[in-house]
Amino acid sequence: TERLKGQRAVVTAAAQGIGRATALAFAREGAEVIATDINAERLAELESEPGITTRRLDVRDGAAIAAFAQETGRADILFNCAGFVHSGTIMDCTEEEFDFAFELNVKSMYRMVRAFLPAMIDGGGGSIVNIASVASSVIAAPNRFVYGASKAAVIGLTKSVAADFVGQGIRANAICPGTVESPSLEDRMRATGDLDAARLAFAARQPMGRLGRPEEIAALAVYLAAPESGFVTGQAVSIDGGWTNI
Ligand code: NAD
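Scoring rules and cut-offs
- Residues numbered from 1 in each chain as written.
- Predicted model: local features only at pLDDT ≥ 70, side-chain atom pairs only at ≥ 80, totals over all residues.
- Helix = DSSP H or I, 4+ residues; strand = E, 2+ residues; numbered from the N terminus.
- Rg over C-alpha atoms; globule rule 2.2 N^0.38 Å.
- Buried ≥ 20, exposed ≤ 12 C-beta atoms within 10 Å, placed from the backbone.
- Contact = placed C-beta atoms within 7 Å.
- Near = placed C-beta within 6 Å.
- Nonpolar A, V, L, I, M, F, W, Y, C, P; charged D, E, K, R; others polar.
- Domains from an automatic or database assignment.
- Pairing = 2+ DSSP bridges.
- Axes fitted to C-alpha atoms, helices over the stretch in contact; angles between N-to-C directions.
- Core = buried A, V, L, I, M, F, W, Y, C linked by C-beta atoms within 7 Å.
- pLDDT = per-residue confidence, 0-100.
- Parallel < 35°, antiparallel > 145°, perpendicular 65-115°, else oblique.
- Left-handed = near helix turned anticlockwise from the far one by under 90°.

- If you check an unreviewed UniProt entry, the chain appears there as SDR family oxidoreductase from Aureimonas flava.

Structure (structure tokens):
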């Protein structure tokens, strides 16, 4: 049976990586998925997938988000996935980079939740799933200063929304992945100049000795989106190959 049958899901950053895998998993479970991303070209590859419609959306554009929510109406599931990794310590992070990281990783979620929450409440409730990271308030990763700070903020934002709207049928949870195969991770590994060494170093952080797969994160997203997780809210759920707890 389809676990998301009859539900309408909005997904950001759906063109690749975790967002794409989650849009596909939501659709496979019977949801009507609106897959969005700033990269219209890659997003178009999803057009032919049953249950998925695509729409270009820049989550740094507040007016675009408001217009999108207006035209979409009700969503039962909001999956906020857009985010960017800045590498470096506090001393490497300029004010521009700081503002960019918080705008893309955090303010985007503030805007998306504000835009979609009223109709979600009117419709009797819904599930909000935000992508944070274990590199956040869960654990410090070296050279992830503003990334970790912004992902910690995602956890705080998520818990706050969960607390304020628990009485109105809204659940909000964050997913905290360890290191997961994705196009941007591939770019970052290649940028080190030694792809194989970088891959080994990333895998070595996780006791399972491997990177996660986007489909594994998507499976948790389906669970948190679906009615079967109806007693789960305000959680930051780690999925990290054992990185943070063993
Ligand atoms: P990715 O980084 O390869 O892809 C990110 C997507 O976001 C791209 O399709 C890009 O076009 C889109 N995007 C960028 N700016 C945007 C904007 N302004 N508006 C809309 N879309 C925009 O994918 P990923 O590595 O799976 O990362 C997805 C999320 O998961 C991010 O929030 C990331 O921080 C988080 N995460 C990833 C990992 C990992 O190891 N891959 C680990 C923990 C958390």
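Still to come is the rest of the account.
## Points about the overall build of the chain
Step number 1: For the chain, the helix and strand inventory stands at eight helices and seven strands.
Step number 2: Taking 246 residues into account, the globule formula puts the C-alpha radius of gyration at 18 Å, and the chain, at 17 Å, falls close to it.
Step number 3: Taken along the three principal axes of its C-alpha coordinates, the chain extends 50 × 35 × 35 Å.
Step number 4: Burial statistics for the chain: of 246 residues in total, 48% are counted as buried.
Step number 5: The contacts in the chain between residues at least 6 apart in sequence include a share of 71% that link residues at least 24 apart.

## Brief notes about the site of the ligand
Step number 1: The local shell around the ligand holds 29 residues, among which Ala 13, Gly 17, Gly 83, Ser 182 and Ser 184 are the closest.
Step number 2: Residue composition of the shell around the ligand, grouped by class: 16 nonpolar, ten polar and three charged.
Step number 3: Residue assignment places the shell around the ligand across two domains, with domain 1 (8-177 + 214-238) and domain 2 (181-211) each supplying three or more.

## Side note on the environment of Glu 45
Step number 1: Mapped onto the elements of the fold, Glu 45 is located in the loop between α2 (40-43) and β3 (52-56).
Step number 2: For the pair Glu 45 and Cys 93, spaced 48 residues apart in the sequence, the C-alpha separation amounts to 35 Å.

## With respect to the sheet that holds strand β6 (residues 170-177)
Step number 1: Judged by pairing direction, the sheet is parallel, and its seven strands sit side by side in the order β3-β2-β1-β4-β5-β6-β7 without closing on themselves. One side of each edge strand has no neighbouring strand; the edge strands of this open sheet are β3 and β7 (236-239). In this sheet, neighbouring strand axes are inclined to one another by 20 degrees on average, regardless of whether the strands run parallel or antiparallel.
Step number 2: Direction of pairing for β6 relative to β7: parallel, over a ladder of four bridges. Note that in β7 the partner of Ile 175 across the bridge is Val 237.
Step number 3: Against the sheet, helix α5 (residues 145-165) engages β5 (126-131), β6 and β7, with an angle of about 160 degrees to β6.

## Observations concerning unusual backbone geometry
Step number 1: Despite not being glycine, Ala 13 has its phi angle at roughly 55 degrees, a positive value.
Step number 2: Tracing the backbone through its elements, the reader meets Ala 13 in the loop between β1 (8-11) and α1 (17-28).
Step number 3: With a phi angle near 65 degrees, Asn 143 is a residue other than glycine that sits in the positive phi range.
Step number 4: Inspection of the secondary structure assignment puts Asn 143 in the loop between β5 and α5.

## Section: the nonpolar core
Step number 1: Core analysis: the biggest nonpolar cluster contains 77 residues, and Ala 9, Phe 26, Ala 221 and Ala 225 have the highest contact counts within it.
Step number 2: Other than its neighbours up to four places away in sequence, Phe 26 contacts Leu 4, Ala 9, Val 11, Ala 31, Val 33, Val 222 and Ala 225.

## Digging into the confidence of the model for the chain
Step number 1: Across the chain, pLDDT averages 98, with 100% of residues at or above 70.
Step number 2: In the model output, the complex is listed with pTM 0.98 alongside ipTM 0.99.

## Description of the environment of Met 189
Step number 1: Along the chain, Met 189 falls in helix α6 (residues 183-191).
Step number 2: Between the C-alpha atom of Met 189 and that of Ala 63, which follows or precedes it by 126 residues, the distance is 35 Å.
Step number 3: Once residues lying within four places of it in the same chain are set aside, the contact partners of Met 189 are Leu 195, Ala 198, Arg 199 and Phe 202.

## Section: the domain arrangement of the chain
Step number 1: Partitioning the chain into domains gives domain 1 (8-177 + 214-238) and domain 2 (181-211).
Step number 2: For domain 1 and domain 2, the distance between their C-alpha centres works out to 24 Å.
Step number 3: Listed per partner, the contact involves five residues of domain 1 and five residues of domain 2.
Step number 4: In terms of residue class, the side of domain 1 that touches domain 2 is made up of three nonpolar, two polar and no charged.

## Looking at the packing of helix α4 (residues 95-122) against α5
Step number 1: At a minimum axis separation of 9 Å, α4 and α5 run at an interaxial angle of 15 degrees. In terms of their interaxial angle, α4 and α5 are classed as roughly parallel. Classified by chirality, the crossing of α5 by α4 is right-handed. Residues Glu 97, Phe 98, Ala 101, Phe 102, Asn 105, Val 106, Met 109, Tyr 110, Val 113 and Ile 121 of α4 form the contact with α5, whose own contacting residues are Val 146, Tyr 147, Ser 150, Lys 151, Ala 153, Val 154, Leu 157, Val 161 and Phe 165.
Step number 2: Counted by class, the contact of α4 with α5 contains 15 nonpolar, two polar and two charged residues.

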